[in-house]
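Listed here are the chains, written in short residue letters.
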Amino acid sequence: PDEGTDLWWAWLTDFLENEDIDSEEDGTYKEIPAGTYVCNISDGHSWVTKPSPAIRIFKDGFPTNLPGVVTVNYNAGWNLLSLPLEVDDAHYETLYPDVAPGAFFGFDGTYSMPSSLTMETRKGYMMNMLQSGSVDIEGTYQPTHEIELIEVWNLIGGVGESSIDFWDSIIDPNGIIVPNSLFGFDDAYFPSETLIPGKAYWIRASAAGTITINAGF
């Protein structure tokens, strides 16, 4: 609380319906429907509201498939892109119609076009786009993802519905990730700390192994 503030109010708002949720007489919330909410905090003097990031409340266990929609922007020319959500049709031309024919490459020690012509979550791809634009990808995602890495450089994809801080969310039990080795691409390479859904990134590993990242939700 700010200095001199001794009276605070807090309440929940349904994120999608933009409606306040009624609390119990004692101010607590005991039976809240599953959904997405914002926790609003205000001091009782100035009534300046400080909303929190959206939070989700689940019932009957943590879900394994979370629904989501991700808008992916891209430039004309080469981009590092990925599939952020699980979808029914993962053909690269279905997901990214502006891609130049055949300009779709994965990386597993060497560049190659995937024989299935489909994209997989957690992996990154180099794609040459005929024009700048964006696509909306609708599907589902898991709360956590395991990613298999090879020694030296790997091309990984941002997963989930929200951007995440890579270094805060990574679980690297064997310490194989080389510090400060995450790079994105936007007409030129740049060091990054964030994984954006639908984008792809280079990451360097000192040895082959598995890491886990928590998808933003």
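For the structure, check the block above.
Just so you know, these numbers come straight off a predicted model, no measurement behind them.

Rules and cut-offs
Residues numbered from 1 in each chain as written. Predicted model: local features only at pLDDT ≥ 70, side-chain atom pairs only at ≥ 80, totals over all residues. Heavy atoms only, no water. Helix = DSSP H or I, 4+ residues; strand = E, 2+ residues; numbered from the N terminus. Buried < 20%, exposed > 50% of the residue type's maximum accessible area, 1.4 Å probe, protein only. Contact = heavy atoms within 4.5 Å. Areas by Shrake-Rupley, 256 points an atom, 1.4 Å probe, with all protein chains shown as cover. Pairing = 2+ DSSP bridges. Phe/Tyr/Trp six-rings, centres within 6.5 Å; stacked < 30°, edge-to-face > 60°. Core = buried A, V, L, I, M, F, W, Y, C linked by side-chain atoms within 4.5 Å.

**Quick look at the overall build of the chain**
Across its full length, the chain holds 2 helices and 20 strands. Expressed as a percentage of its 217 residues, the buried residues of the chain come to 37%. Partitioning the contacts of the chain with sequence separation of at least 6, the portion at a separation of at least 24 is 71%. Of the accessible surface of the chain, which amounts to about 12200 Å², a share of 51% is contributed by carbon and sulfur atoms.

**Examining the sheet that holds strand 20 (residues 209-214)**
On the basis of which strands lie adjacent, the open sheet formed by 3 strands has the order 12-20-15 and antiparallel pairing. Every interior strand has two partners, whereas the edge strands, strand 12 (144-149) and strand 15 (170-171), have only one. Pairing analysis gives 2 bridges linking strand 15 to strand 20, with the strands arranged antiparallel. Paired with Ile-171 across the two strands is Thr-212, which belongs to strand 20.

**Considerations on the packing of aromatic side chains**
The final tally for this structure, using the stated rule, is 10 aromatic pairs. Ring centres of Trp-78 and Phe-105 lie 6.2 Å apart, and the angle between their planes is 40°; this geometry places the pair in the tilted category. You can see Trp-78 sitting in strand 7 (residues 77-82) and its partner Phe-105 sitting in strand 8 (residues 99-107), a full 27 residues away along the chain. The exposure class of Phe-105 is partly exposed, given its relative accessible area of 28%.

**Some remarks on the sheet that holds strand 10 (residues 124-129)**
What the 4 strands build is an open sheet, ordered 7-10-8-9; its pairing is antiparallel. Since the sheet does not close on itself, it has two edges, and those belong to strand 7 and strand 9 (111-112), each with one partner. One ladder, built from 6 bridges, connects strand 7 with strand 10; its direction is antiparallel. Across the sheet, Asn-79 pairs through a bridge with Met-127, a residue of strand 10.

**Comments concerning unusual backbone geometry**
Backbone geometry at Val-152 places phi at a positive 80°, although glycine is not the residue there. Locating Val-152 in the fold gives a position in strand 13 (residues 152-157). Residue classification places Val-152 among the partly exposed residues on the basis of a relative accessible area of 32%. Positive phi, close to 55°, is recorded for Asn-180, a residue that is not glycine. Here Asn-180 lies in the loop between strand 15 and strand 16 (183-185).

**A few points about the nonpolar core**
Tyr-96, Met-119, Met-127, Leu-149 and Phe-166 are the most contacted members of the largest nonpolar core, which has 37 residues in total. Here this core takes 4 residues from strand 6 (residues 66-74), the largest share from any one element. The next biggest cluster of nonpolar side chains, apart from the first, holds 5 residues, and it includes Leu-80, Met-126, Ala-200 and Trp-202.

Coordinates in, geometry out; function isn't part of it.
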